[in-house]
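Here are the chains, one letter per residue:
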Amino acid sequence: MRAGFGTSSITPPLPCRLAGYARRQALSRQVAQPLRARSIVLDNGRARVGWVICDLLEVSRSLVADVRAAVEATGCVAGANVMVSATHTHAGPDLNGDWDDEKGSYRDAQAQYRAFLPHAVASSMVCAVEDLAPSVLAWAEEPVYGVGAGRRATTAGAQRASV
């Protein structure tokens, strides 16, 4: 088994509207931390699969399709073998609402970012393929107390969960 890891920047241009802030009217005009796409690729010599996690609030079906097509176009992983997910950050760009404010319309910037995003995400997958190296996959189990319990539950009375 070989495994590789890759990352790429998916930080949007500024100003942009942040996702998950329904009441916020102002656009974001600075970057506190860059947004990333992080990928892992596994290859057993017969099949190659990839998983990419994006610093976004969510990933829509259309974005997943666009990312899979962009990855497939690179030739590094078959698009059908790519899983795409989000960290659910509220500090990422709104991909659905308008990037408008009292100072002007930024719809073109949003459209350009949406067109750029699948290729930037695919870039992290290419980096992961370039990083492929012999690996050993293993797992472990450890009891975790207090997970899934009510706030008033004590450690002794909490449910036991394995991770």
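Look a little higher up for the structure.
Source: prediction; values computed, not measured.

Parameters at a glance
Residues numbered from 1 in each chain as written. Predicted model: local features only at pLDDT ≥ 70, side-chain atom pairs only at ≥ 80, totals over all residues. Heavy atoms only, no water. Pairing = 2+ DSSP bridges. Helix = DSSP H or I, 4+ residues; strand = E, 2+ residues; numbered from the N terminus. Contact = heavy atoms within 4.5 Å. Axes fitted to C-alpha atoms, helices over the stretch in contact; angles between N-to-C directions. Parallel < 35°, antiparallel > 145°, perpendicular 65-115°, else oblique. Left-handed = near helix turned anticlockwise from the far one by under 90°.

Caption draft 1: Just the sheet that holds strand β7 (residues 133–134), in detail. Strands sit in the order β4-β3-β2-β1-β7 across an open sheet of 5 strands; the sheet is mixed. The sheet is open, and its two edges are formed by β4 (82–86) and β7, each paired on a single side. Here 8 bridges tie strand β1 (residues 2–9) to strand β2 (residues 36–43), and the two strands are oriented antiparallel to one another. Considered in β2, the bridge of S9 is made with R36. Relative to β1, helix α2 (residues 107–130) is tilted by about 145°, and along the sheet it contacts β1, β2, β3 (48–54) and β4.

Caption draft 2: The arrangement of the packing of helix α1 (residues 61–74) against α2 in detail. Orientation of α1 relative to α2, taken along the N-to-C sense of each, is 50°, at an axis distance of 8 Å. As far as their axial angle goes, α2 and α1 are oblique. Relative to α2, α1 is oriented so that their crossing is right-handed. Residues S62, L63, D66, V67, A70, V71 and T74 of α1 form the contact with α2, whose participating residues are R114, L117, P118, H119, V121, A122, M125 and V126.

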